[in-house]
Amino acid sequence: MLVLAGILPDFRLQSHDGDSITRTAFTAAWGAGAFGLLSALVWPVLVRALLIVPALVLGALVFFLNGSLLLIALSLIPDDRGAANPETAVVVAAVMSAVASATSTALAVRDDDAYRRRLSRLADRRRRRGASRAGAEPGRDGPPGTVFLQLDGVGHDVLTRAAADGLMPTVAGWLADSFGHRLTPWRTDWSSQTGASQLAILHGTNHDVPAFRWYEKETGTVMVSSRPASALEMQRRAIARTRDGGLLAVDGASRGNLFGGGAGQLALVLSMAARRGKGRRSRAGYFAYFSDPANAVRTALSFVAEVVREIVQSTRARARGTFPRVKRGGLYPFIRAFATVVERDVVVAAVLGDMFAGRTAVYADLVAYDEVAHHSGPHSRDAEKVLERLDRSLALIAEIADHTPRDYRIVLLSDHGQSHGETFAGKYGLTLKDLVRAGCGLPVPRRAQRTGSASEARDAVRIALRRPVEGQEAEHPAKPSDPVVLASGNLGLLSFPDIEGRASREQMDRRHPALLGTLANHPGIGFLLVRSEEHGSVVMGPGGTEVPVAELADGEGPLADFGPGAAAAVRRTDTFPHVADVMINSMYDPETGTVHAFEEQIGSHGGLGGEQSRAFLLWPRGMADPLDIVAAETAEGAPPPPGGGLVGAEAVHRVLTCWLLEHSGPQVPVRPQGFGGVARADEPFPGQAQRGGDPGRASPAPPARTLLPPPAEAPRPGRATAREGRPDAPGPTAG
């Protein structure tokens with residue numbers, strides 16, 4: 001304060017007649033103490049009173065609130081010796097908060113040692129306090145908890161390269177340690193995106209989720225995984241189908257996810273944004289984090305630095321003529337900063353709080369890499385920098401795990417990878433929608449209109465700002481006869497709203513004879529999935545190639561380049577009630593790994609082809625090997641996974657459930673509504689009341705089951721033994 005008083009003309013710490021150095025120093029100490037006391041006592045109250053204010057607006061108010069507190073502190077100095085203009089007070093308060101954070105190294109970006117020490121002291125204090133109340137010595141008894149950290153969009157190959165190149169030393173250390181972690185890839189479903197993968201991982205099924213966004217004819221609604229109402233409906237359907245609350249139903253916490261997973265502790269969960277009422281605020285985690293003014297200032301300054309970093313990086317890419325590239329102007333720098341700074345800091349802080357609270361299972365999604373890789377490329381230097389910062393967050397969580405009330409097993413996983421390549425519009429000069437309209441004989445704009453990128457982070461920002469989540473696509477077509485064309489990465493979906501049910505090839509040929517041929521023979525299209533009245537569903541490729549779905553085989557025909565398991569993935573999607581009239585997968589070059597996204601993304605995911613379908617699972621040694629679990633299921637009569645290995649997000653759910661049961665005992669399904677018995681959504685999903693049915697229940701749900709723990713036999717060193725037996729006996733009926 002003394003330095004600032006000497007620099008700023010509108011900030012004084014003396015009387016009008018001047019004071020001695022000692023008197024001025026005493027005045028500065030008085031003002032600083034009053035400001036610190038007000039920050040500690042009043043700030044949390046202000047934040048709680050501002051629950052109605054959007055989270056990002058609160059971040060912008062940080063400086064003004066601090067300035068107001070400083071003005072109050074100056075007014076408390078005796079004899080009117082402290083004064084400042086309002087705008088000067090904002091500057092002084094911001095500098096003081098930044099210096100306070102820096103001196104405690106909470107602001108440090110590359111060194112979290114002091115922050116760890118502070119958290120460790122807090123944890124030790126809590127543990128001793130809890131032990132004294134229980135009349136026992138402080139300790140870490142009881143079964144270990146599990147923290148599942150989802151690195152959104154980080155593929156298996158990206159992770160291994162980052163560890164080998166020194167970008168992620170924490171992960172590299174886990175892999176190198178003979179008592180550390182083990183790594184295995186897992187193959188996604190055809191819809192290789194967060195909505196399908198995370199729904200299955202947390203709730204056990206992604207049945208009838210054909211893409212990130214899809215059109216439902218019976219209601220005329222576009223379902224979008226990152227819209228709160230859609231996410232809530234997807235979650236409800238999954239719970240109704242499995243009759244199980246979710247992976248986190250027993251003492252769990254869900255942080256930064258699309259879905260709740262049945263957790264009792266929820267923060268920054270997208271599906272919660274569609275609910276109203278006490279305890280249902282999706283943004284509660286933001287306010288819990290920003291209630292500490294040091295956190296608020298630290299994150300606000302880092303946010304500004306990230307915006308500047310993005311502007312510099314995008315300018316450098318344009319100057320160097322980097323190719324491929326997409327537009328990164330407008331609001332994108334702020335969206336990126338939100339994903340890489342605000343959401344990361346808030347989610348990591350929430351996870352640390354859950355660990356201090358001793359919760360049994362925590363699942364958190366870190367979306368930073370996915371957002372940057374979409375626009376900079378999955379192998380770009382920009383994306384590598386994000387991996388470095390994510391690794392530091394992992395190191396912090398691992399360090400804190402040594403000081404929590406219980407031991408914790410840290411599991412890393414991803415929901416999908418990303419494949420690189422120039423966009424479809426950039427390569428061919430027209431969007432998928434333009435190509436469809438041309439094939440239908442409809443007018444096409446002279447200048448191709450690009451399909452905007454709509455990632456999870458973009459919609460999360462809109463929710464944080466309390467703005468409606470709107471996609472590029474309209475919820476209803478302009479005319480009933482106009483085709484609805486949607487894009488999910490390099491997967492396109494075409495529907496004809498005025499044709500009841502799933503349109504057949506013959507119907508489309510009679511209406512638009514050139515459409516299917518135009519699509520199948522385009523060099524940017526890999527294959528189509530359509531229904532034929534004569535042959536059933538068929539896959540169409542270039543040159544008039546047609547293969548019935550029942551006869552599909554990996555490595556042959558239109559799927560020749562798409563790798564193992566592609567045929568099974570297509571067959572499974574073909575059974576979904578809401579599969580599009582035409583499912584369109586872009587081309588894939590196995591030599592370069594290139595795909596062409598139908599959105600404005602040079603790093604994309606959502607369909608088949610390349611690294612996007614190759615996710616990873618990294619788990620501590622001593623836990624059951626995922627392949628052993630799959631082998632045990634196969635031995636008991638389950639069909640073997642197509643192509644071998646760990647296949648599908650539903651299989652990942654079963655693996656994670658097995659790991660929780662290794663130490664936690666039986667898990668009992670909760671009520672069908674999920675959320676541990678919370679009532680259903682306040683408002684029905686659009687059209688649900690009219691149709692009088694549940695599209696998510698296309699087939700009878702399996703009976704509810706009580707999941708039994710594995711036998712107590714100790715696993716062999718180096719490779720855990722698969723548990724003997726699967727929980728097949730019916731359990732108590734949900735509800």
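What you are looking at is a predicted structure, and each value in this text was computed from that prediction instead of being measured.

Criteria and cut-off values
- Counting from 1, residues in each chain are numbered in the order their sequence is written.
- In view of the model being predicted, local features appear only for residues whose pLDDT reaches at least 70, and side-chain atom pairs are presented and counted only at 80 or more, with totals across whole chains, interfaces and linings using the full set of residues.
- Neither water nor hydrogens contribute to the side-chain values; these are computed over all heavy atoms in the structure.
- Planes of paired rings set the category: under 30 degrees apart is stacked, over 60 is edge-to-face and the rest tilted, where pairs are Phe, Tyr or Trp rings (Trp by its six-membered ring) whose centres lie within 6.5 Å.
- Helix numbers and strand numbers start at the N terminus; a helix is a DSSP run of H or I with at least 4 residues, a strand a run of E with at least 2.
- For each residue, the accessible area found with a 1.4 Å probe, counting protein chains only, is set against the maximum for its type, and the residue is called buried under 20%, exposed over 50%, and partly exposed in between.
- To qualify as a nonpolar core, a set must consist of buried Ala, Val, Leu, Ile, Met, Phe, Trp, Tyr and Cys residues joined through side-chain atoms within 4.5 Å.
- Working rule for contacts: check all heavy atoms of both residues, and any pair within 4.5 Å makes them a contact.
- Following DSSP output, two strands are said to pair if at least two bridges run between them.
- Fitting a line to C-alpha atoms yields each axis, with helices limited to the stretch in contact; the angle taken between N-to-C directions then spans 0 to 180 degrees.
- pLDDT expresses how confident the predictor is about each individual residue, on a scale running from 0 to 100.
- Should an angle fall under 35 degrees it is taken as roughly parallel, and over 145 as roughly antiparallel, whereas 65 to 115 is taken as roughly perpendicular and any remaining angle as oblique.
- Each helix crossing is assigned a hand: it is left-handed if the near helix lies turned anticlockwise from the far helix by less than a right angle, otherwise right-handed if that turn is clockwise.
- Charged residues are taken to be Asp, Glu, Lys and Arg, nonpolar residues to be Ala, Val, Leu, Ile, Met, Phe, Trp, Tyr, Cys and Pro, and polar residues to be all remaining types, Gly included.
- Salt bridges are identified by distance alone: a Lys or Arg side-chain nitrogen within 4 Å of an Asp or Glu carboxyl oxygen.

**Describing the packing of aromatic side chains**
Throughout the structure, instances matching the rule amount to eight aromatic pairs. Judged by centre distance (5.6 Å) and plane angle (35°), the ring pair of tryptophan 190 and phenylalanine 527 falls under tilted. Remark: phenylalanine 527 occurs in strand β14 (residues 525-532) and tryptophan 190 occurs in the loop between β4 (181-187) and α8 (194-203); sequence separation between them is 337 residues. With a relative accessible area of 1%, tryptophan 190 lands in the buried category.

**Topic: the nonpolar core**
Counting residues in each nonpolar core, the largest one holds 62 residues, and the members touching the most others are Phe148, Trp190, Tyr363, Val570, Leu617, Leu656 and Trp659. If you tally residues by element for this core, the top one is helix α22 (residues 649-664), at eight residues. The contacts of tryptophan 659, once residues within four sequence positions are left out, are Phe148, Arg409, Val411, Leu617, Trp619, Met623, Ala624, Pro626 and Ile629. In terms of nonpolar packing, the next biggest core, distinct from the first, is built from 51 residues, Val158, Ala163, Tyr289 and Ala401 among them.

**Here we look at the sheet that holds strand β7 (residues 252-255)**
The pairing of strands in a sheet happens through backbone hydrogen bonds and is either parallel or antiparallel. The strand order across the open sheet formed by eight strands is β8-β7-β9-β3-β10-β21-β4-β22, and the pairing between neighbours is mixed. One side of each edge strand has no neighbouring strand; the edge strands of this open sheet are β8 (265-267) and β22 (646-647). Judged from the three bridges that link them, β7 and β8 form a sheet pairing that is parallel. Among the inter-strand pairings, alanine 253 is bridged to a residue of β8, identified as glutamine 265.

**Brief notes about the environment of glycine 648**
As for its position among the elements, glycine 648 is in the loop between β22 and α22. Residues glycine 648 and alanine 569, 79 residues apart in the sequence, show an inter-C-alpha distance of 8.8 Å. The contacts of glycine 648, once residues within four sequence positions are left out, are Trp186, Arg187 and Asp189.

**Digging into the sheet that holds strand β17 (residues 582-586)**
What the six strands build is an open sheet, ordered β12-β13-β17-β14-β15-β16; its pairing is antiparallel. With partners counted over all chains shown, the strands left at the sheet margins are β12 (484-488) and β16 (546-548), one partner each. Strand-to-strand twist in this sheet, taken as the mean axis angle between neighbours without regard to direction, amounts to 20°. As judged from the four bridges shared by strand β13 (residues 491-495) and β17, these two strands associate in the antiparallel manner. Within β17, the residue paired with leucine 493 across the bridge is methionine 583. Packed onto the sheet, helix α16 (residues 432-439) meets β12, β13, β14 and β17 and runs at close to 150° relative to β12. The sheet strands contacting helix α20 (residues 566-574) are β14, β15 (536-540) and β17, and the helix crosses β14 at an angle near 40°.

**Quick notes on the pairing of strand β6 (residues 221-224)**
Residues Thr221 and Met223 line one face of β6 and the alternating positions Val222 and Val224 line the opposite face, and both faces are buried. Relative to β6, strand β5 (residues 213-216) runs antiparallel, the two sharing four bridges. Along β6, the bridge assignment pairs tryptophan 214 with methionine 223. Joining the antiparallel neighbours β5 and β6 is a turn of four residues, in which glycine 220 adopts a positive phi near 65°.

**Some words on the confidence of the model for the protein**
Considering every residue of the protein, the mean pLDDT works out to 79; 68% of them sit at 70 or more. Across the protein, β17 holds the top mean pLDDT of 98, while helix α23 (residues 688-691) sits lowest at 40. Counted against residues more than four places away or in other chains, residues 469-477, with its pLDDT under 50, gives 28 contacts. Segment residues 668-735 is flagged for pLDDT under 50; beyond a separation of four residues in sequence, or across chains, it makes 146 contacts in the model.

**Focus on the packing of helix α12 (residues 332-357) against helix α13 (residues 368-376)**
For the pair α12 and α13, interaxial distance at closest approach is 8 Å and the crossing angle is 150°. On the basis of their axis angle, the class for α12 and α13 is roughly antiparallel. Handedness of the crossing formed by α12 with α13: left-handed. For the pair formed by α12 and α13, the contact residues are Tyr332, Ile335, Arg336, Ala339 and Thr340 on the first element and Ala368, Glu371, Val372, His375 and Ser376 on the second. Within the contact of α12 with α13, the residues separate by chemical class into five nonpolar, three polar and two charged.

**Topic: the pattern of salt bridges**
For the structure shown, the criterion picks out 27 salt bridges. Residues arginine 161 and glutamate 611 are paired through a salt bridge, measuring 3.7 Å at the closest nitrogen-oxygen approach. Note that arginine 161 is positioned in helix α6 (residues 156-164) and glutamate 611 in the loop between β20 (603-604) and β21 (614-620), a separation of 450 residues in sequence. Take arginine 161: its relative accessible area is 35%, and that puts it in the partly exposed class. Two residues, arginine 344 and aspartate 345, come together in a salt bridge whose shortest N-O distance is 3.0 Å. On the basis of relative accessible area, aspartate 345 is assigned to the buried category, the value being 8%. Three or more residues joined by partner-sharing salt bridges are found here, namely Glu306, Arg309, Glu310, Arg328, Arg336, Asp382 and Arg389.

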